Amino acid sequence: MAHETMTADAAVRLWNAEADEHDPISARTYGFWLYLMSDGLIFASLIAAYAVLDNKMSAFGHPMADTLLSASQGFVQTLVLLGAVLALSLGTLGLKTGARGGLALGLAVSAALGTVFVAQGLAGLDAMAAAGNGPTASAYLSCLFVLLFTHGLHLAIGVLWSLVMLVQIFRFGFTQDVVGRLLNLRLYTQFQAAVWVVVYLYVYLFGGAH
Amino acid sequence: MATDHYQPLQHPEVQQGTALRYVGATVISGLALYGAYYVAMTRPPLAELVETLLVSLLVSLLVQAALYFGLDASRAQIWKSVTLILTVPLFLVTIGMTVWAFSSLYARTMPDPSILSSMAM
C-alpha cells in the first residue's frame, strides 16, 4: 500500500525542474497584452465619465445620444470593424505557411476597412459639430466626443500600423521581430473590436439612438 | 512559453489561429450585436432592454476572448487569461463605483430640472 502511494506521488510533477528557454515572442505579446489591459482601463474611465454625464443637466439643453446618434449607422460601423478584424486575423493565418501574399491581402483589406470605419466616425462627429452640437457645447457632448474620438484614434493608429507592417513583411521577411509585431497588431485590432462592442451597446443602444 | 525562437513561424501563437475560429467569432459576435440592435429598435421596457444588452455583451466578449484572442488554460496562453481575469474586476470597479458615487451625489446636490424651469418662468 505504501509502495503504491509512493509510486503515484513520484508520477506527479508539481513544477518544471528546468528553466524555460528565453522566448522573445511570448514575452513581447504578453507585455503588449498588459498594455492592452491598461488601455482598456482608459476606456473604462471614459465610459464611467460618460455614464456620470449622461443626463439632461450635463447636456445643457443640447440633444443627447437618442437624437444625435443613429443605431443603424452604428451597426454598419460595427460590421465594418468586424470585417477589418476578420481580414487581419485571416491574413495572419498566412504566417503559418509563410504566405506573404495572403498576409499582405489581409493587411491591405483590414487597413481599407479600418479607414472606412474612421471616416464614418469622423463624418458623424463633424455633422454633429456643424449642427452646433460640438464638443464645447456641453459636458455631455465633450465626453461623447472624447469617447468616440479616442476609439477612432486607436483605429487610425491600427491602420497606420497595418501599412507599416505591409512594408516590413516584404522588406525584412518573417523575422522574429516582424512576426512579434504582427501578432501584437492582431491583438491590438481584435481588442479595438471588443472595446467597440461595449461602446456600441452602451452609448448607442442603451442611449436610445434612433 | 518555451519554444524555438529561431523559427518564429513555428511559435504557438502563430500556429494557434484557424479560419474557422476567426469566422466563427465574427459571425457569432455580429449576430449577438444584431440581436441587441433589433430588440433595441422595438423600444422594449428598460428592464428587458438591459437584459438583452447584457446578454449580447457577454456573448460577444466571451466569444471574442475565446476565439479571437484564443485565451485558454494552455501553457502558451494561461498568463494572458489570468491577467484578463484579474483586470476585469478593475473595469467593473472603475465604472461601477464611479457611477454609483456620482448618481448618489447627483441626487443629493443637483436641483431638479423641472423646478429650475418653473423658476425661470
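Scroll up to find the structure.
Calculation criteria
Residues numbered from 1 in each chain as written. Chains lettered and ligands numbered in written order. Predicted model: local features only at pLDDT ≥ 70, side-chain atom pairs only at ≥ 80, totals over all residues. Heavy atoms only, no water. Contact = heavy atoms within 4.5 Å. Salt bridge = Lys/Arg side-chain N within 4 Å of Asp/Glu carboxyl O. Polar contact = N/O pair within 3.5 Å; in protein donor to acceptor, adjacent residues only side chain to side chain. Helix = DSSP H or I, 4+ residues; strand = E, 2+ residues; numbered from the N terminus. Nonpolar A, V, L, I, M, F, W, Y, C, P; charged D, E, K, R; others polar. Core = buried A, V, L, I, M, F, W, Y, C linked by side-chain atoms within 4.5 Å. Buried < 20%, exposed > 50% of the residue type's maximum accessible area, 1.4 Å probe, protein only. Axes fitted to C-alpha atoms, helices over the stretch in contact; angles between N-to-C directions. Parallel < 35°, antiparallel > 145°, perpendicular 65-115°, else oblique. Left-handed = near helix turned anticlockwise from the far one by under 90°. 1 Å grid on protein atoms, 1.4 Å probe; cavity = no way out; pocket = protein on both sides within 12 Å on 5 of 7 lines; lining within 4 Å. Points joined across faces, edges and corners; volume = space filled by probe spheres on them.

**With respect to the interface of chain B and chain A**
1) Next: If you look at the interface, chain B gives 57 residues, while chain A gives 56 residues.
2) Next: For the pair chain B and chain A, the interface holds zero salt bridges.
3) Next: At the boundary of chain B and chain A, one finds 12 residue pairs in polar contact (both at pLDDT 80 or more).
4) Next: Among the elements of the structure, helix H1 (12–15), helix H2 (19–41), helix H3 (46–68), helix H4 (78–109) and helix H5 (113–120) of chain B are those that each provide at least two residues to the side of chain B that touches chain A.
5) Next: Ranked by residue count, the leading element in the side of chain B that touches chain A is H4 of chain B, at 13 residues.
6) Next: Split by residue class, the side of chain B that touches chain A holds 35 nonpolar, 17 polar and five charged.

**Here's the deal with the nonpolar core**
It is characteristic of soluble globular proteins that their nonpolar side chains tend to be buried jointly.
1) Next: Ranked by internal contacts, the top residues of the largest apolar core, which has 78 residues, are Leu69, Leu144, Leu182, Tyr200 and Leu205 of chain A.
2) Next: Elements that contribute at least two residues to this core include exactly helix H2 (24–53), helix H4 (65–68), helix H5 (71–92), helix H7 (100–130), helix H8 (139–171) and helix H9 (176–206) of chain A together with H2 and H3 of chain B.
3) Next: Ranked by the residues each element gives to this core, the list is headed by H9 of chain A, at 18 residues.
4) Next: Residues within four places of Leu69 of chain A in sequence aside, it is in contact with Met128, Leu144, Leu148, Val203, Tyr204, Ala209 and His210 of chain A.

**With respect to the packing of H2 of chain A against H4 of chain B**
When two helices pack together, you describe them by how their axes are tilted relative to each other and by the distance separating the axes.
1) Next: Where H2 of chain A contacts H4 of chain B, the axes come no closer than 9 Å and their chain directions differ by 15°. One element, H2 of chain A, and the other, H4 of chain B, form an angle in the roughly parallel class. For H2 of chain A against H4 of chain B, the interelement crossing comes out right-handed.
2) Next: Taken together, the residues of the contact of H2 of chain A with H4 of chain B break down into 17 nonpolar, seven polar and one charged.

**Some remarks on the layout of surface pockets**
1) Next: Empty space within the largest pocket amounts to approximately 1,300 Å³.
2) Next: Lining the largest pocket are 36 residues; nearest its centre among them are Val198 of chain A together with Leu57, Leu61, Phe91 and Leu92 of chain B.
3) Next: For the lining of the largest pocket, the elements supplying multiple residues, two or more each, are H2 and H9 of chain A together with H3 and H4 of chain B.
4) Next: Counting residues per element, the lining of the largest pocket draws most heavily on H3 of chain B, at 10 residues.
5) Next: Looking at side-chain class alone, the lining of the largest pocket contains 31 nonpolar, four polar and one charged residues.
6) Next: Put simply, the second largest pocket is a space of about 350 Å³.
7) Next: Lining the second largest pocket are 22 residues, with Gln120, Gly121, Leu122, Gly124 and Leu125 of chain A sitting closest to its centre.
8) Next: Elements with a contribution of two residues or more to the lining of the second largest pocket: H5, H7, H8 and H9 of chain A.
9) Next: Ranked by residue count, the leading element in the lining of the second largest pocket is H7 of chain A, at eight residues.
10) Next: Considered class by class, the residues forming the lining of the second largest pocket number 13 nonpolar, nine polar and no charged.

Worth remembering: the numbers are spatial, not functional.
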